[in-house]
Amino acid sequence: MEAELAAVPGREFMPAALIDSEAEQEVDPAPPPPPPPVKPRRLTIQLIGKSSLDGDAAELASLGVDEYAERVLALNRLRLGHLQLGSMDGLDPCNAATHLYLQHNLITEIESLEFFSQLQFLVLSHNKLTEVSGISHLSSLLHLDLSHNQIEEIRQPVATFPSSLVHLSLAANPCAGRRGYRQEMIGALTGLKKLDDLTIQAWERGAIEEEDDRDDGDEESEIAESVPSVDSSGVRDRVEAA
């Protein structure tokens, strides 16, 4: 840097303060400080209504507390994405919903869905989930998106997911990168038609069924081999002698 400044014509006649100022301008600025941590928000009736109610803002603002709450509780579609929610606590009163969108939040656990018997669509992509629980009882659930979370494994798919499920996405989770993941999920969830946005082909199910049949045959053979054989001729001789 000093060598470059020294090559400037007339530098010897420049004030020292000006030379120092030029040198300072060439220094890389310090990196900006990291942003403050995001503070999770909690669900309230007001927040649910603000995000999910359709209608003129002035009209909604004119509603009384009871009427506003009634409209929120009657909602079929809850649009609660991108709200920095730290949990699903507070959803319980809105159990008339058929569609629940909670993508891009800070949720770490699936909860508060005990009475959502009509729920068909559940979107929880881009959160902080590490396991799947609390949904096996949702007998109307057709579409479940859990992509882009931190789910390590699905230990018992049949016990974890409702049998009604048609579309499931676990893409961009550690569990989706495990060997045999797709075959295991397809074999366990017999009603599934699409996994991770890929349609399940008939040949995939056929290959899994053939493998299961081979495994059953091998098991039967092992059992047969483990049973001691009986010498029928010896038994016959003893019977005749008697």
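Before any of the text, the structure's been laid out above.
Residues numbered from 1 in each chain as written. Predicted model: local features only at pLDDT ≥ 70, side-chain atom pairs only at ≥ 80, totals over all residues. Heavy atoms only, no water.

Caption draft 1: Focus on the nonpolar core. Ranked by size, the top nonpolar core spans 48 residues in total, and within it Leu 80, Leu 146, Phe 161, Leu 168 and Leu 170 carry the most contacts. It is helix H7 (residues 181–188) that provides the largest number of residues to this core, a total of 3 residues. Other than its neighbours up to four places away in sequence, Leu 170 contacts Leu 146, Ser 147, Ile 151, Ile 154, Phe 161, Cys 175, Ala 176, Tyr 181, Met 185 and Asp 196. (Core = buried A, V, L, I, M, F, W, Y, C linked by side-chain atoms within 4.5 Å. Buried < 20%, exposed > 50% of the residue type's maximum accessible area, 1.4 Å probe, protein only. Helix = DSSP H or I, 4+ residues; strand = E, 2+ residues; numbered from the N terminus. Contact = heavy atoms within 4.5 Å.)

Caption draft 2: Representation of the sheet that holds strand S4 (residues 143–145). What the 7 strands build is an open sheet, ordered S1-S2-S3-S4-S5-S6-S7; its pairing is mixed. Among the strands making up the open sheet, the edge pair consists of strand S1 (77–79) and strand S7 (198–199). (Pairing = 2+ DSSP bridges.)

Caption draft 3: Examining the layout of surface pockets more closely. Considering only enclosed or pocket space, the largest pocket measures out at about 150 Å³ in volume. Forming the boundary of the largest pocket are Glu 131, Val 132, Glu 153, Ile 154, Arg 155, Gln 156 and Thr 160. Per-class residue counts for the lining of the largest pocket are 2 nonpolar, 2 polar and 3 charged. (1 Å grid on protein atoms, 1.4 Å probe; cavity = no way out; pocket = protein on both sides within 12 Å on 5 of 7 lines; lining within 4 Å. Points joined across faces, edges and corners; volume = space filled by probe spheres on them. Nonpolar A, V, L, I, M, F, W, Y, C, P; charged D, E, K, R; others polar.)

Caption draft 4: Molecular detail of the pattern of salt bridges. Under the counting rule described, the total for this entry stands at 7 salt bridges. Residue Arg 155 pairs with Glu 153 through a salt bridge whose shortest N-O separation is 3.2 Å. For Arg 155, a relative accessible area of 70% gives the class exposed. The class of Glu 153 is partly exposed, set by a relative accessible area of 38%. Residues joined in a network through salt bridges with shared partners are Glu 59, Glu 67 and Arg 71. (Salt bridge = Lys/Arg side-chain N within 4 Å of Asp/Glu carboxyl O.)

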